[in-house]
Amino acid sequence: MAILKNLKSKLANKSKNINRAQVVDDNFKEFVNTLKKPNKLLILKDYGLTESAFIEMFTSQIMSRQLDLMARALRLENKVFYTIGSSGHEGSVMLGRLTRHTDPAFLHYRSGGFMMERSRHIPSIDPIYDTCLSFAASQADPASGGRHKVWGSKDLWVLPQTSTIASHLPKAVGTALGIELGKRSVSGLPIPDDSIIMCNFGDASSNHSTAQGAFNAAAWASYQGLDVPLLFVCEDNGIGISVKTPSGWIERNYKHRPGLQYFKADGLDLAQGYRQVKRAVDFCRFERKPVFLHLQTTRLMGHAGTDFEVDYRNIDELEAEEAKDPLLKSAKLAVDSGLMSSNDIIDLYERMNQRCMESAYKADRQKRIETIEEVIESLAPYSPVDVKIQAEKCVDQDKRLALFGNQKLLPENQPAKHMAILINKGLMDIMLKYENSLVFGEDVAQKGGVYTLTKNLYKKFSPKRVFNTLLDEQTILGLAQGYANMGMIPIPEIQYLAYFHNACDQIRGEAASLQFFSNNQYANPMVVRIPGLGYQKGFGGHFHNDNSFTALRDIPGLIVACPSRGDDAVKIMRTLMALAHVDKRVSVFIEPIALYMKKDLYKEGDNKWTFNYPQCEDYIPIGEAKIYNEKAKDILIISYGNGVPMSLEAIDIFNKSHSESIATMDLRWLQPLNKKSICQLAMKFDTILIVDEGRESGSVGEGVVSAIIENLNNPPQIKKITGVDTFTPLGDASALVLPNVKMIVENLNKIVEKRKLNA
Ligand SMILES: Cc1ncc(C[n+]2csc(CCOP(=O)(O)OP(=O)(O)O)c2C)c(N)n1
Ligand SMILES: [Mg+2]
């Protein structure tokens, strides 16, 4: 009780108007004390509720409320680091009860009630303590290992979600669509066949283009007869931080939306709401169609602890919202039905308060993350030995013969080929080897992709494994996350690098962060193929020649690879697939479009940029660069992608009039950069030329320069040639803004002159 008094005095210290947590807390107790048993008892059964269901849900509501109050109090003591609460949204207990704990859920941050109730499915879980651990950023937090306050639980199929509103909706669509695919996949479905997916979000968030894209994608898929058992729950409290949602907007907008079945439920009243929620859940489960459940809620105690609502809402309005408190309604139901007396309720309320406070203090005594190693432990798991074993595994030769036709048609028995063909054959082998892999994107099926890279995959593998998506990159990457959640390894294609940027958050904020925020309990392995970069002849302009790496380079945990030749491309893809299979990693494979068809290196017809298809066990370990002319002593060129053949050509020209020996390092792996191998090679040279086709700002060259300067005692002279910080123009002008062979030769000449002067 001492703890309780402590809470009271802390809350009381704030002025009454500002501290709405105190008001909400007082209101509840005052209201409950006025409740009297009625002459005629309310029959809960009439509302589809059993007594135990009601009592449990009411208790879950109180648990959630007391967690909010605790967080507000202990934030002041720096024992809790998060105060966005669930007060006013405790009606979500109905969803916690009416969905199964094996129905994957992607949650809104106001889902305390849902979590408390869902936890009842597994009695060994103590949801109050678990939440306190997360609030306290304790390492023992079972959801994120203390990395973030998230709603998440491996056992309860709650995939952790952080803060970007609506960003979880595309993956919810993908997970829903993944149920049918997963059933047929060799890896099998990790959840029961009749599961549904749930995602909830606020009224303001429903306006976000990411949410709109997800509603559209769900309806688009359902319209074509696919099962989309997805429950969108819009928790409508009428406001987003301080901006009001126009009255009636949600209903008006979704009631008659084609392809989305609209249900409305009273989230403020368990008796009224229960059947309404049940109808929505049942419809979704049995019809396997997307549902929009409009759950009416209210927001109590402000957006977060730091939000002083009195700044933008007048007191009458605040009090009107507080009068809608769903806990008042539940308390009245408890008394009206004869299940509890007001004393029972107060007693339960105080007991839960005590439990929350004690749990929070206990959580505060647990170890927090103390080292960088602990922070990043779950960010980028890597098991080199297992990855090697996996990458080197060969597919049964009979199966390959059946796939490619006959011995002669096996790609390794074919003459040397250019990159487009080798990637295409490489993908075929990969799809054969990883029977749970999927290839999808815009135009990848019948057409075989804009550059025919996926040609014939559709014919050779079923349309269930190779398919076109709708034209929305956020959806493509959301699907990838969802399919991965359901046990598959997606290989989505983003048609051009420029169009990745418009969906970047799906990798940056979501896919790449899942292992980190779930303490590696959840993962969404995938290999994203992105054709990109410049030098395209005949198909120009910025968006088909985008050379920006910046948005990819700093995404924590993401692997970015870029081949310069076809055989490397195949071997790198094998590594990426093995990394996805073993360590569940997310990677991006940038395919330089201009190299797809390149056959010659020094002169027309020399065929020196065609390569043999690698033997089945060949792969390139992550971070391993390729070095041309390794014995060279004078100058080192460091490059990747288009820069590699350009550099080799430039060296050929240069060597006609010079005797200096030049090595070329093809990085192949752009993120993470293998700083060690770069430095080990760089230290052997006194001059380095970096040929970086990316834009000057933020491109790979920056990382190479800083790796060398920071790590070598006697760093060599470094010169960098990069793309210009501009968008790429159309036509011949595009050549002005990118490095070219002539520039490389000129720079080599300058380097040599300088070396002579210094000698
Ligand atoms: C993409 C994005 N933009 C802005 C924010 C900041 N933000 C957090 S919550 C919020 C309002 C959300 O309101 P609503 O969807 O109605 O949910 P509620 O908080 O009312 O439950 C905003 C703007 C964010 N988290 N993500
Ligand atoms: Mg809202």
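About the criteria used
Residues numbered from 1 in each chain as written. Chains lettered and ligands numbered in written order. Predicted model: local features only at pLDDT ≥ 70, side-chain atom pairs only at ≥ 80, totals over all residues. Heavy atoms only, no water. Helix = DSSP H or I, 4+ residues; strand = E, 2+ residues; numbered from the N terminus. Rg over C-alpha atoms; globule rule 2.2 N^0.38 Å. Contact = heavy atoms within 4.5 Å. Lys, Arg positive; Asp, Glu negative; His and termini not counted. Charge placed at Lys NZ, Arg CZ, Asp CG, Glu CD. Donors = N, O, S within 2.8 Å, 3.2 Å for Na, K, Ca; no water. Buried < 20%, exposed > 50% of the residue type's maximum accessible area, 1.4 Å probe, protein only. Near = heavy atom within 4 Å. Polar contact = N/O pair within 3.5 Å; in protein donor to acceptor, adjacent residues only side chain to side chain. Areas by Shrake-Rupley, 256 points an atom, 1.4 Å probe, with all protein chains shown as cover. 1 Å grid on protein atoms, 1.4 Å probe; cavity = no way out; pocket = protein on both sides within 12 Å on 5 of 7 lines; lining within 4 Å. Points joined across faces, edges and corners; volume = space filled by probe spheres on them. Nonpolar A, V, L, I, M, F, W, Y, C, P; charged D, E, K, R; others polar. Phe/Tyr/Trp six-rings, centres within 6.5 Å; stacked < 30°, edge-to-face > 60°. Lys NZ or Arg CZ within 6 Å of the ring centre and 35° of its normal. Pairing = 2+ DSSP bridges. Right-handed = clockwise from strand over helix to strand, strands pointing away. Salt bridge = Lys/Arg side-chain N within 4 Å of Asp/Glu carboxyl O. Disulfide = S-S within 2.5 Å. Expected span 1.5 Å × (residues − 1). Patch = residues over 30% accessible without salt bridge, like charges linked within 9 Å, V, L, I, M, F, W, Y side chains within 5 Å. Axes fitted to C-alpha atoms, helices over the stretch in contact; angles between N-to-C directions. Parallel < 35°, antiparallel > 145°, perpendicular 65-115°, else oblique. Left-handed = near helix turned anticlockwise from the far one by under 90°. pLDDT = per-residue confidence, 0-100.

1. What to know about the overall build of the protein chain
Then step 1. Of regular secondary structure, the protein chain possesses 29 helices and 21 strands.
Then step 2. Rg of the C-alpha trace for the protein chain: 30 Å, near the compact-globule value of 27 Å for 759 residues, within the 12% margin.
Then step 3. In terms of its C-alpha atoms, the protein chain occupies a principal-axis envelope of roughly 105 × 60 × 45 Å.
Then step 4. Residue pairs in contact within the protein chain that sit at least 24 positions apart in sequence constitute 80% of those at least 6 positions apart.
Then step 5. Charge centroids of the protein chain, computed over 91 positive and 88 negative side chains, lie 2 Å from each other.

2. Side note on the coordination of the magnesium ion (ligand 2)
Then step 1. Coordination of the magnesium ion (ligand 2) by the protein comes from Asp203 (OD), Asn237 (OD1) and Ile239 (O), over a distance range of 2.0 to 2.1 Å.
Then step 2. Look at where the donors of the magnesium ion (ligand 2) fall in the sequence and you get D-x33-N-x1-I. Within this pair, whereas Asp203 is found in the loop between β4 (197-202) and α8 (209-223), its partner Ile239 is found in strand β6 (residues 239-240), the two being separated by 36 residues in sequence.
Then step 3. Overall, Ile239 belongs to the buried group, its relative accessible area being 4%.

3. Observations regarding unusual backbone geometry
Then step 1. Following Gln671, the chain continues to Pro672 via a peptide bond in cis, the omega torsion being -5 degrees.
Then step 2. Despite not being glycine, Lys584 shows a phi value in the positive range, around 60 degrees.
Then step 3. In this structure, Lys584 sits in the loop between α24 (566-583) and β15 (586-592).
Then step 4. One non-glycine residue, Asn607, lies in positive phi territory at about 60 degrees.

4. Structural notes on the site of ligand 1
Then step 1. As a matter of local geometry, ligand 1 sits amid 17 residues, with His108, Tyr109, Arg110, Ser205 and Ile239 nearest to it.
Then step 2. A distance of 2.6 Å is found between an oxygen atom of ligand 1 and a side-chain nitrogen or oxygen belonging to Tyr109.
Then step 3. The contact in question runs from a nitrogen atom of ligand 1 to an N or O atom on the backbone of Ile165, over 3.1 Å.
Then step 4. Protein chains bury 74% of the 580 Å² of accessible surface belonging to ligand 1 in isolation.

5. Some words on empty space enclosed by the protein
Then step 1. Applying the stated criterion to the full structure yields eight cavities of 30 Å³ or more.
Then step 2. As a volume, the largest cavity reaches approximately 110 Å³.
Then step 3. Along the lines of polarity and charge, the residues of the lining of the largest cavity split into six nonpolar, no polar and five charged.

6. Structural notes on the packing of aromatic side chains
Then step 1. In the structure shown here, the tally under the stated rule is 23 aromatic pairs.
Then step 2. The ring of Phe516 carries Arg147 above its face, with NZ or CZ at 5.4 Å from the centroid.
Then step 3. Looking at Lys154, its charged tip hangs above the ring of Tyr522, at a distance of 4.5 Å from the centre.

7. What to know about the pairing of strand β18 (residues 662-666)
Then step 1. For β18, the buried fraction is high: five of the five residues fall into the buried class.
Then step 2. Side chains Ile662, Thr664 and Asp666 project from β18 onto one buried face, and the interleaved Ala663 and Met665 project onto a second face that is buried too.
Then step 3. Bridge count between strand β16 (residues 626-628) and β18: three bridges; the pairing is antiparallel. Note that in β18 the partner of Tyr628 across the bridge is Thr664.
Then step 4. Relative to β18, strand β17 (residues 635-639) runs parallel, the two being bridged by five bridges. Among the inter-strand pairings, Ile635 is bridged to a residue of β18, identified as Ile662.
Then step 5. In this region the chain leaves β17, passes through helix α26 (residues 643-655) and returns to the parallel neighbour β18; the handedness of that crossover is right-handed.

8. Notes on the pattern of salt bridges
Then step 1. Within the structure shown, the criterion is met by 44 salt bridges.
Then step 2. Residue Lys79 is joined to Asp364 by a salt bridge in which the shortest nitrogen-to-oxygen separation is 2.9 Å. With Lys79 in the loop between α3 (51-75) and α4 (93-98) and Asp364 in helix α13 (residues 342-364), the pair connects residues that are 285 residues apart, well separated along the chain.
Then step 3. Linking Arg313 and Glu309 is a salt bridge whose minimum nitrogen-to-oxygen distance equals 3.1 Å. In this pair, the class of Arg313 matches that of Glu309, namely buried.
Then step 4. Taken together, the shared-partner salt bridges connect Lys244, Arg299, Asp307, Glu309, Arg313, Glu317, Glu321 and Lys324 into one network.

9. Here we look at the state of the cysteines
Then step 1. Summed over all chains, the structure comprises one disulfide.
Then step 2. Here Cys394 is linked by a disulfide to Cys616, with a sulfur-sulfur distance of 1.8 Å. On the S-S bond that ties Cys394 to Cys616, the torsion sits near 80 degrees, and the link is right-handed. With Cys394 in the loop between α15 (384-392) and α16 (397-404) and Cys616 in the loop between α25 (593-596) and β16, this residue pair connects regions lying 222 residues apart in the sequence.
Then step 3. In this structure Cys616 comes out as partly exposed when scored by relative accessible area, which is 27%.

10. Structural notes on helix α29 (residues 741-758)
Then step 1. Taking 1.5 Å per residue as the helical rise, α29 with its 18 residues ought to reach 26 Å, and the 26 Å between its terminal C-alpha atoms agrees with that figure.
Then step 2. If you follow the buried residues of α29, they end up packed against β17, α26, β18, β20 (687-695) and β21 (717-723).
Then step 3. The backbone nitrogen of Lys742 has a side-chain oxygen 3.2 Å away, supplied by the residue at the start of α29, namely Asn740.

11. Brief notes about a nonpolar patch on the surface
Then step 1. Residues Ile18, Phe308, Val310 and Ile315 make up a contiguous nonpolar surface patch of roughly 270 Å² in combined accessible area.
Then step 2. Structurally, Ile18 can be placed in the loop between α1 (2-12) and α2 (20-34).
Then step 3. Ile18 sits in the partly exposed class, given a relative accessible area of 39%.

12. Digging into the packing of α2 against α13
Then step 1. Look at α2 against α13: their axes get within 8 Å of each other, and the N-to-C directions meet at 155 degrees. When the axis of α2 is compared with that of α13, the two are roughly antiparallel. Note on packing geometry: the crossing formed by α2 with α13 is left-handed. Facing α2, whose interface residues are Asp25, Phe28, Lys29, Val32 and Asn33, α13 presents Ser342, Ile345, Ile346, Tyr349 and Glu350.

13. Section: the confidence of the model for the protein chain
Should the pLDDT be low somewhere, the predicted coordinates at that spot are not to be read in detail.
Then step 1. Per-residue pLDDT for the protein chain has a mean of 95; in total, 98% of the residues score no lower than 70.
Then step 2. Between residues 1-14, whose pLDDT stays under 50, and residues either more than four places distant or in other chains, the model counts 23 contacts.

14. Here's the deal with a positive patch on the surface
Then step 1. Taken together, Lys447, Lys455, Lys459 and Lys460 make up a surface patch of like positive charges.
Then step 2. If you trace the backbone, Lys455 turns up in the loop between β10 (437-441) and α18 (457-460).

15. Remarks on the environment of Leu533
Then step 1. Residue position: Leu533 is located in the loop between β13 (526-532) and α23 (550-553).
Then step 2. Through-space distance from the C-alpha of Leu533 to that of Gln161 is 33 Å; in sequence the pair is 372 residues apart.
Then step 3. The contact partners of Leu533, leaving out residues within four places of it in the chain, are Leu497, His544, Asn545, Asp546, Asn547, Phe549, Cys562, Ile590, Pro592, Asn642 and Glu693.

16. Let's talk about the sheet that holds β21
Then step 1. Reading across the sheet, the five strands line up as β16-β18-β17-β20-β21 and stay open at both edges, with mixed pairing between neighbours. Of all strands in the sheet, those with a lone pairing partner are β16 and β21, marking the two edges. Strand-to-strand twist across the sheet, computed as the mean angle between neighbouring axes with direction ignored, equals 20 degrees.

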